[in-house]
Amino acid sequence: MASVLEDPTLERHFKGHKDVVTCTDFNPNCKQLASGSADKSLMIWNLAPKARAYRFVGHQDVITGAQFSPSGKLVATSSKDRTVRLWTPSIKGESTVFKAHTAAVRSVAFSHDGQRLVTASDDKSVKVWSVHRQCFVYSLTQHTNWVRCARFSPDGRLIASCGDDRTVRLWDTSTKHCINCFTDYGGSATFVDFNSNGTCIASSGADSSLKIWDLRTNKLIQHYQVHSAGINSFSFHPSNNYLISGSSDRTVKILDLLEGRLIYTLHGHKGAVITVAFSRAGDLFASGGADGQVLMWRTNFDTKSYQDVLQQHSRRSTPDPPPHVTDIHPRGPHLHHPQPTAVQISPTVADIQSPDPHVIELGQAVYNTTLLNGRTHLTPTQAAANSHHSNGLPPHHVGSSRAEEWMGDESASRAGATAGSQTGTGRRRGGGRREEEERGQTHPLEVLSGHPSSLDSTLQHIVQQLDILTQTVSVLEERLTLTEDKLKECLHHQSQILKDVRSSGERWRTDSEETDGSPVQFT
């Protein structure tokens, strides 16, 4: 199918990550693109031709989220190492670490004024942080399973979160209460975000559905089922007229929200598409996935309405299929195959598409040859070599197995918090020998244990105790923050009192000196 001016086109592709690309975001100045990966590194790609790229190293585990601040002067990243980092996207490579959660941190996002951060975690909590003071502010704890994503509304008054408990929750940032909960999901809710004016939220699910809710009426207004596998990420166009989504079915889909229809299907990744993101102006969008590549696309289609495109290029997409012979004679029951109206685009992603930029390594090295805390660490080169060849497979086979392991881990908790044995089995899917052993095991764990009810009750009790501990830690964190604020306030008052005492003492001395030096008159 021939491409036209209004079709999205592949502008550039970036190769530098050694594993699954998990998150992408454009700098508001439209000069940089950030991407995080399961290789534990953050890449800052400078969009100017022949510009150098920066690799920031510091996280000890998979990077799960990345976002530029509204000013573009900071990049926040979340990781499975339970921390959040704030980076300066320049050659300095400076970063600040937040010890954020007691489990893997799944997402991080700035408020639209850049003053706050919101994080979501496997410890079932959503937490809000102060960027300027670099401290914890408060937590939101009503999810009953892993929290996958959390986002601020454009005005900062609301927070939307979603997770493996199959709910999308809406929180009031002033009262810290959950004011709404949407539960109409057949699987985990994987991603959530507000549109640019804050009137709607969209959420995607592992059941391949994408839903848009109107917050003014709290009603579902659009429901799309266009992917053949779970949706991992989506992004609103700044005009709110379009939405892009990335899925494990290896495609990027583009929806026209005004007409409520799928208009483009993009093929370019060789594996699951994990992340998609529009630029702030909407003229570009990026996608990243299990193939370790970041693709940058030119939007184009937002310049004209899709109906005008179809009218000008009706040969490319015909909504009515050609008539069957059985439509004419004789008229009997027969099958009409559905005729897709979405334009399919399959660009050639070759090495000659764009030259790989020179990469500058920045930040603290995750690996070095010294012995730290009793652990022997490798250099980055040795670590990369070992990750590619330690199991005897060629590099591309290793990458595919790591991608399968990443996707398996993402779906590991969907059986629920109480199904501990099933979750454990799901996490072991990446290992070949263990998988064969599990296939040979025909009896369930409950039969072998001999006490299924006691095991279930024990697991439920453990989960309940963990929930209580999580809530207790959150309360302690809030009280600690309040205590710190009170202490700072007391110290400030104390210093002010000392200043006042000193100034009054100096005035008293001055007055006494003047009194001693003046003549005394008698009448």
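Residues numbered from 1 in each chain as written. Predicted model: local features only at pLDDT ≥ 70, side-chain atom pairs only at ≥ 80, totals over all residues. Heavy atoms only, no water.

**Remarks on the nonpolar core**
Line of reasoning, step 1. Core analysis: the biggest nonpolar cluster contains 28 residues, and Val-168, Ile-201 and Leu-243 have the highest contact counts within it.
Line of reasoning, step 2. By residue number, the principal contributor to this core is strand E18 (residues 189–194), which donates 4 residues.
Line of reasoning, step 3. Ranked by size, the runner-up nonpolar core spans 17 residues in total, among them Leu-10, Phe-285, Leu-295 and Ile-345. (Core = buried A, V, L, I, M, F, W, Y, C linked by side-chain atoms within 4.5 Å. Buried < 20%, exposed > 50% of the residue type's maximum accessible area, 1.4 Å probe, protein only. Helix = DSSP H or I, 4+ residues; strand = E, 2+ residues; numbered from the N terminus.)

**Things to note about the pattern of salt bridges**
Line of reasoning, step 1. Going through the model one piece at a time under the given rule, you end up with 8 salt bridges.
Line of reasoning, step 2. A salt bridge links Asp-155 to Arg-157; the nearest nitrogen and oxygen atoms lie 3.0 Å apart.
Line of reasoning, step 3. Asp-155 sits in the partly exposed class, given a relative accessible area of 47%.
Line of reasoning, step 4. A salt bridge links Glu-259 to Arg-261, with the nearest nitrogen and oxygen atoms 3.3 Å apart.
Line of reasoning, step 5. The class for Glu-259 is partly exposed, based on a relative accessible area of 34%.
Line of reasoning, step 6. Residues joined in a network through salt bridges with shared partners are Glu-11, Asp-283 and Arg-298. (Salt bridge = Lys/Arg side-chain N within 4 Å of Asp/Glu carboxyl O.)

**Some thoughts on the sheet that holds strand E7 (residues 75–79)**
Line of reasoning, step 1. Spatially, 4 strands are ordered E6-E7-E8-E9 in an open sheet, and the strand pairing comes out antiparallel. Edge positions in the open sheet fall to strand E6 (63–68) and strand E9 (95–99), since each of these has one partner strand only. Averaged over all pairs of adjacent strands, the angle between strand axes in this sheet comes to 20°, irrespective of strand direction. (Pairing = 2+ DSSP bridges. Axes fitted to C-alpha atoms, helices over the stretch in contact; angles between N-to-C directions.)

**So, the layout of surface pockets**
Line of reasoning, step 1. Of the pockets and cavities examined, the second largest pocket occupies roughly 1100 Å³.
Line of reasoning, step 2. Contributing to the lining of the second largest pocket are 47 residues, with Asp-25, Gln-67, Arg-151, Phe-191 and Asp-193 lying nearest its centre.
Line of reasoning, step 3. Elements with a minimum of two residues in the lining of the second largest pocket: strand E2 (21–26), E6, strand E10 (105–110), strand E14 (147–152), E18, strand E22 (231–236), strand E26 (273–278) and helix H3 (395–410).
Line of reasoning, step 4. When grouped by side-chain class, the residues that make up the lining of the second largest pocket number 21 nonpolar, 18 polar and 8 charged. (1 Å grid on protein atoms, 1.4 Å probe; cavity = no way out; pocket = protein on both sides within 12 Å on 5 of 7 lines; lining within 4 Å. Points joined across faces, edges and corners; volume = space filled by probe spheres on them. Nonpolar A, V, L, I, M, F, W, Y, C, P; charged D, E, K, R; others polar.)

**Topic: the pairing of strand E23 (residues 242–247)**
Line of reasoning, step 1. Most of E23 is tucked away: 6 of the 6 residues are buried.
Line of reasoning, step 2. The side-chain alternation of E23 yields two buried faces, one formed by Tyr-242, Ile-244 and Gly-246 and the other by Leu-243, Ser-245 and Ser-247.
Line of reasoning, step 3. Pairing between E22 and E23: 5 bridges, direction antiparallel. Bridged to Phe-234 within E23 is Ser-245.
Line of reasoning, step 4. Counted between consecutive antiparallel strands, the loop separating E22 from E23 contains 5 residues, among which Asn-240 sits at a positive phi close to 70°.
Line of reasoning, step 5. In this structure, E23 lies alongside strand E24 (residues 251–256), joined through 5 bridges in antiparallel fashion. For Leu-243, the partnering residue across the bridge sits in E24 and is Leu-255.

**A closer look at the sheet that holds E10**
Line of reasoning, step 1. Taking strand neighbours across the sheet as the criterion, the 4 strands line up as E10-E11-E12-E13 in an open arrangement whose pairing is antiparallel. The open sheet has two edge strands with one neighbour each: E10 and strand E13 (135–140). Neighbour-to-neighbour, the strand axes of this sheet turn through a mean angle of 25°, independent of strand direction.

**What to know about a nonpolar patch on the surface**
Line of reasoning, step 1. Nonpolar side chains collect at one region of the surface, where Ile-462, Leu-466 and Leu-469 lie side by side and expose about 280 Å² of accessible area between them.
Line of reasoning, step 2. By the element assignment, Leu-466 lies in helix H7 (residues 452–517). (Patch = residues over 30% accessible without salt bridge, like charges linked within 9 Å, V, L, I, M, F, W, Y side chains within 5 Å. Areas by Shrake-Rupley, 256 points an atom, 1.4 Å probe, with all protein chains shown as cover.)

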